[in-house]
Amino acid sequence: MPYNATLLRLDGKLSSAGNFRGDIDIAGPDFGDPTTSHSQAVSVNHIAGGISFDTTTIAQASVTAGNYLYFNLTVNGAGATGAQLFLTYETR
């Protein structure tokens, strides 16, 4: 993130409908080691049918400038080969 921000919403679209779970984590400033001092920001648990989902439940909404965000996929039960994630935020 190039500046301080507040996370507001996550929308997603998958190539296959079904069980898709993961989370967006806020990592430290080292892109080469994203698990250093990371914390979960948004959790995705899309188990219903359909290829799109959205969530406004944000575990940690505050992101500090210079930190990286990354997606950690934990379940891909439908075998989706593509996913688009759209994160809405506002600067502070």
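This text follows the structure it describes.
Note that the coordinates shown come from a computational prediction; the quantities given were computed from them, not determined experimentally.

## Concerning the overall build of the protein chain
(1) Moving on: Helix and strand counts for the protein chain come out as zero helices and seven strands.
(2) Moving on: Reading the protein chain from its N terminus to its C terminus gives the helix and strand order β-β-β-β-β-β-β.
(3) Moving on: Against the 2.2 N^0.38 benchmark of 12 Å for 92 residues, the protein chain shows a C-alpha radius of gyration of 13 Å, consistent with a compact globule.
(4) Moving on: Counting only C-alpha atoms, the protein chain reaches 35 × 25 × 20 Å along its principal axes.
(5) Moving on: Sequence-distant contacts in the protein chain: of pairs separated by 6 or more residues, those separated by 24 or more amount to 78%.
(6) Moving on: Of the roughly 5200 Å² that the protein chain leaves accessible, carbon and sulfur atoms contribute 50%.
(7) Moving on: Within the protein chain, one finds 4 positive and 7 negative side-chain charges whose respective centroids are separated by 9 Å.

## What to know about the sheet that holds strand β3 (residues 39-46)
(1) Moving on: If you trace the three strands from one edge of the open sheet to the other, you get β3-β2-β6, paired in antiparallel fashion. Strand pairing shows two members of the sheet lacking a second neighbour, β3 and β6 (69-76), which therefore form its edges. Taken pair by pair, the neighbouring strands of this sheet meet at an average axis angle of 20°, ignoring direction.
(2) Moving on: Pairing analysis gives seven bridges linking strand β2 (residues 20-26) to β3, with the strands arranged antiparallel. Among the inter-strand pairings, F20 is bridged to a residue of β3, identified as H46.

## A closer look at the nonpolar core
(1) Moving on: One finds L7, L10, V42 and F53 to be the most contacted residues of the largest nonpolar core, which totals 15 residues.
(2) Moving on: Mapped onto this core, the elements with two or more residues apiece are β1 (5-14), β2 and β3.
(3) Moving on: If you tally residues by element for this core, the top one is β1, at four residues.
(4) Moving on: Beyond its immediate chain neighbours, meaning those up to four positions away, L7 contacts A41, V42, I58, Q60, A61, V63, L87, T88 and Y89.

Cut-offs and rules
- Residues numbered from 1 in each chain as written.
- Predicted model: local features only at pLDDT ≥ 70, side-chain atom pairs only at ≥ 80, totals over all residues.
- Heavy atoms only, no water.
- Helix = DSSP H or I, 4+ residues; strand = E, 2+ residues; numbered from the N terminus.
- Rg over C-alpha atoms; globule rule 2.2 N^0.38 Å.
- Contact = heavy atoms within 4.5 Å.
- Areas by Shrake-Rupley, 256 points an atom, 1.4 Å probe, with all protein chains shown as cover.
- Lys, Arg positive; Asp, Glu negative; His and termini not counted.
- Charge placed at Lys NZ, Arg CZ, Asp CG, Glu CD.
- Pairing = 2+ DSSP bridges.
- Axes fitted to C-alpha atoms, helices over the stretch in contact; angles between N-to-C directions.
- Core = buried A, V, L, I, M, F, W, Y, C linked by side-chain atoms within 4.5 Å.
- Buried < 20%, exposed > 50% of the residue type's maximum accessible area, 1.4 Å probe, protein only.

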